[in-house]
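Tertiary structure, described
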Amino acid sequence: MHRSIATVSLSGTLRQKLEAIAAAGFDGIELFEADFINFKGTATELRGIAADLGLSIDLYQPFRDFEGMPQAQFLRSLERAERKFDLMQALGAPMVLCCSNTSPLCVDDPSLAAAQLHALAERAARRNLRVGFEALAWGRHTSRYGQAWQIVKQADHAHLGLILDSFHTLSLKDDPAGIAEIPGEKIFFLQMADAPLLAMDVLQWARHHRSFPGQGDFDVVGFFEQVLRAGYTGPLSLEIFNDIFRETPNRRTAVDAMRSLLYLESEARQRIATLQPQRVELFNPPPVAALSGLAFIEFAADEASARTLDTLVRQLGFRRIGKHRSKAVTLYRQGEINFIVNAQPDSFARGRFEAHGTSVCALGVRCADPLAAVGRATAMRSKRHDSPVGPNELRVPAVVAPGGNLIHFVPEALGANGLYEADFILEDDAPDSNDAGLAQIDHVALGLAVDQLDTWVLFTRAVLGLEAGESLELADPFGLIRSRGVANAERSVRLVLNVSLSQRTRTARTLSVTGGGAVHHIALRCEDIFAAAAKLRANGTRFVPIADNYYDDLATRIDLAPELLARMRAAGVLFDRSPAGDYLHIYTESFEGGLFFEVAQRIGRYDAYGALNAPARMASQAQD
Ligand code: MG
Ligand code: MG
């Protein structure tokens, strides 16, 4: 497909936007009028810049408040259109987007709208330009694609067609199924946008909160599928109005934009596999490789913090089971959980986190076919990472996650020790008296800068095949945290993405140390949280104390056996219940860099993260 993006979707000057768009591999742009009006150059110069970058100017947009007007305004608008047509010819832009009228002067008369649009198309045809008519969700009399199509059909002019925009249809909960019935050649242009589900005014929603396909909650794949079923063969474009994208570095936004289109195409491709004829070629990446669990977490540390961490993880019940063959790297294990502490001075990890104490630099995910997983990731525009490998060491393929941490794909076939036998000199596997029964990594929570959440949601969906859960807002004493879980279908890989909306929360302060995109806690799962908590306390682990008031309130909210409540109160264990099951958990005090651990027990099919209890932790941490 011809891939395009509206210039309004990115930050920067117009020239910087075009450079970022070209670098990300787009074929063309929609030129947003305000970007041109404020450009210090002529249309011919801009045309040259775009051509030098290999970009076509596919659309000039928007042309407002045209159809259904009283005669005097209509004639004035035709003159206005002629001036825009002059400009479009100088730009080499073949099409203008005419969005449905929002003016109070607009008359509710589809036949008049059709006649006036016919006149506009006639003027455009004299210059071999085309007009696309788009229903804005807040258009005065035309707000749905079905209405816009009836007007275009009635106008019946070869130079007038329909422009579809997923935002306007999906935000009104309009059914896109009817799109498949529209003749494909009468759909002139397609704009795709996703958005989070928000209960707010549609204009504010549209102007501030759109996102790239795969970042929000809309069924954008289903919408695109209908457009393909119609037989559409024109550009696939993105038009995203988003407050955060306006300030995010535009190179990153452009990469997200391209990844979103590749994801959209590859998902839609599966839906129309049996459709004949196939009119367009859709991106066909290697399929998502199924993940089956978190194999290890790697920490980067200097020598001093590696010693602190050694004490801490041993208190958590881990035993040291190996030393790396060639590097200053130590392996710890408890149950199926492996921690790797990397104190190698020249490592990739240390290079990134120098002077930041301890932080997580890599995750290992188990996967049946690591090479396929890396193939999928690179097809979806993630970078592959190859670390230097010593003799007799295993090469585990890795990719760079947004923010710079590594994700290693660990072959399942290697079994529990296979990966480590090659790289580590394993010590005696004797049981350790510190063992607290922690068995698996339940989830890894990341603290992200505000502009990284959408990037991560798309990365985890498109590259790792994870599903995004609901987005929650949690109160820290110093601001709001937005939290969203992502997990694979079988729930053996879970990440929690947390964003601080304030500069003053603990999450935000962790970010300022690590530069963003850092793990801020690791949750470890056990079968008996009371036994685990008692053992960990005996080992010297310190937990975040929970206010007595929390338990008084819990008893009023949830019907709990008094003995269970008393045990939780005594142990400082937090509780959450969903219809599917229960979640019991406890947080350790944080150590340098702000990192801490959570110990959790899942009962039944509980599928969340105890997020409602996070305020209890954050308030307690603030009262230290
Ligand atoms: Mg639009
Ligand atoms: Mg957690």
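Residues numbered from 1 in each chain as written. Chains lettered and ligands numbered in written order. Predicted model: local features only at pLDDT ≥ 70, side-chain atom pairs only at ≥ 80, totals over all residues. Heavy atoms only, no water.

Right, let's talk about the overall build of the protein for a bit. When you go through the protein residue by residue, the secondary structure sums to 20 helices and 25 strands. Over its C-alpha trace the protein gives a radius of gyration of 28 Å, about what one expects of a compact globule, namely 25 Å for 624 residues. Taken across its 624 residues, the protein has 58% of its residues classed as buried. Contacts in the protein between residues far apart in sequence, at least 24 positions, make up 74% of those at least 6 positions apart. Placing the 64 positive and 75 negative side-chain charges of the protein at their respective mean positions leaves the two points 3 Å apart. (Helix = DSSP H or I, 4+ residues; strand = E, 2+ residues; numbered from the N terminus. Rg over C-alpha atoms; globule rule 2.2 N^0.38 Å. Buried < 20%, exposed > 50% of the residue type's maximum accessible area, 1.4 Å probe, protein only. Contact = heavy atoms within 4.5 Å. Lys, Arg positive; Asp, Glu negative; His and termini not counted. Charge placed at Lys NZ, Arg CZ, Asp CG, Glu CD.)

To continue, consider the packing of aromatic side chains. Inspection of every chain in the model, using the stated rule, returns 17 aromatic pairs. One aromatic cluster is present, built from ring pairs that chain together Phe299, Phe318, Phe339, Phe591 and Phe597. One cation-aromatic arrangement involves Arg130 over Phe188; the distance from NZ or CZ to the ring centre is 4.0 Å. Sitting over the face of the ring of Phe167, Arg210 holds its NZ or CZ atom 4.7 Å from the ring centroid. (Phe/Tyr/Trp six-rings, centres within 6.5 Å; stacked < 30°, edge-to-face > 60°. Lys NZ or Arg CZ within 6 Å of the ring centre and 35° of its normal.)

Here the focus is helix 4 (residues 71–91). Here helix 4 contains 21 residues, and its C-alpha end-to-end distance of 30 Å stays within 8% of the 30 Å for a straight helix at 1.5 Å per residue. Taken from the residues just after helix 4, Gly92 is the one with a positive phi, measuring 75°. (Expected span 1.5 Å × (residues − 1).)

Okay, the coordination of the magnesium ion (ligand 1) next. Within the first shell, the magnesium ion (ligand 1) binds the protein through Glu134 (OE), Asp165 (OD), Gln191 (OE1) and Glu239 (OE), at distances of 2.1 to 2.2 Å. Read from N- to C-terminus, the donor residues coordinating the magnesium ion (ligand 1) fall into the pattern E-x30-D-x25-Q-x47-E. One end of the pair, Asp165, is in strand 6 (residues 160–165); the other, Gln191, is in strand 7 (residues 187–192), with 26 residues separating them in the sequence. What makes Asp165 buried here is its relative accessible area of 3%. With a relative accessible area of 0%, Gln191 lands in the buried category. (Donors = N, O, S within 2.8 Å, 3.2 Å for Na, K, Ca; no water.)

A separate point is the packing of helix 1 (residues 14–23) against helix 3 (residues 43–52). For the pair helix 1 and helix 3, the least separation of the axes is 10 Å and the interaxial angle reads 20°. Between helix 1 and helix 3, the angle is such that the two are roughly parallel. For helix 1 against helix 3, the interelement crossing comes out right-handed. Touching Leu14, Arg15 and Leu18 of helix 1 are Leu46, Ile49 and Ala50, all from helix 3. Here the residues of the contact of helix 1 with helix 3 sort into 5 nonpolar, no polar and 1 charged. (Axes fitted to C-alpha atoms, helices over the stretch in contact; angles between N-to-C directions. Parallel < 35°, antiparallel > 145°, perpendicular 65-115°, else oblique. Left-handed = near helix turned anticlockwise from the far one by under 90°. Nonpolar A, V, L, I, M, F, W, Y, C, P; charged D, E, K, R; others polar.)

The strands making up a sheet associate through hydrogen bonds between their backbones, and the pairing can be parallel or antiparallel. What the 9 strands build is an open sheet, ordered 14-15-16-13-9-12-11-10-17; its pairing is mixed. The sheet is open, and its two borders are formed by strand 14 (383–385) and strand 17 (424–426), each paired with just one other strand. When the angles between neighbouring strand axes are averaged without regard to direction, this sheet yields 30°. Its contacts with the sheet put helix 13 (residues 370–379) on strand 13 (359–367), strand 14, strand 15 (398–400) and strand 16 (406–411), and the angle it makes with strand 16 is roughly 150°. (Pairing = 2+ DSSP bridges.)

A few words now on the environment of Ala343. Mapping Ala343 onto the fold places it in the loop between strand 12 (337–342) and helix 12 (348–353). Looking at Ala343, the relative accessible area reads 11%, which means it is buried. Between the C-alpha atoms of Ala343 and Gln315, which are 28 residues apart in sequence, the distance is 20 Å.

What follows concerns the pairing of strand 11 (residues 329–334). Of all the 6 residues making up strand 11, 6 are buried; the element is thus mostly covered by neighbouring parts of the structure. Of the two faces of strand 11, the one lined by Val329, Leu331 and Arg333 and the one lined by Thr330, Tyr332 and Gln334 are each fully buried. Linking two consecutive strands that pair antiparallel, namely strand 10 (residues 319–324) and strand 11, is a turn of 4 residues. Two elements, strand 11 and strand 12, share 6 bridges in a ladder whose sense is antiparallel. Note that in strand 12 the partner of Arg333 across the bridge is Asn338. Where strand 11 folds back onto strand 12 in an antiparallel hairpin, the turn is made up of 2 residues, including Gly335, whose phi is positive at roughly 55°.

Now for the domain arrangement of the protein. For the protein, the assigned domains are domain 1 (3–271), domain 2 (291–426) and domain 3 (438–622). Counting from both sides, the interface comprises 7 residues of domain 1 and, opposite them, 5 residues of domain 2. Across the domain 1-domain 2 interface, the total number found is 3 residue pairs in polar contact (both at pLDDT 80 or more). Broken down by class, the residue content of the side of domain 1 that touches domain 2 amounts to 5 nonpolar, 1 polar and 1 charged. (Domains from an automatic or database assignment. Polar contact = N/O pair within 3.5 Å; in protein donor to acceptor, adjacent residues only side chain to side chain.)

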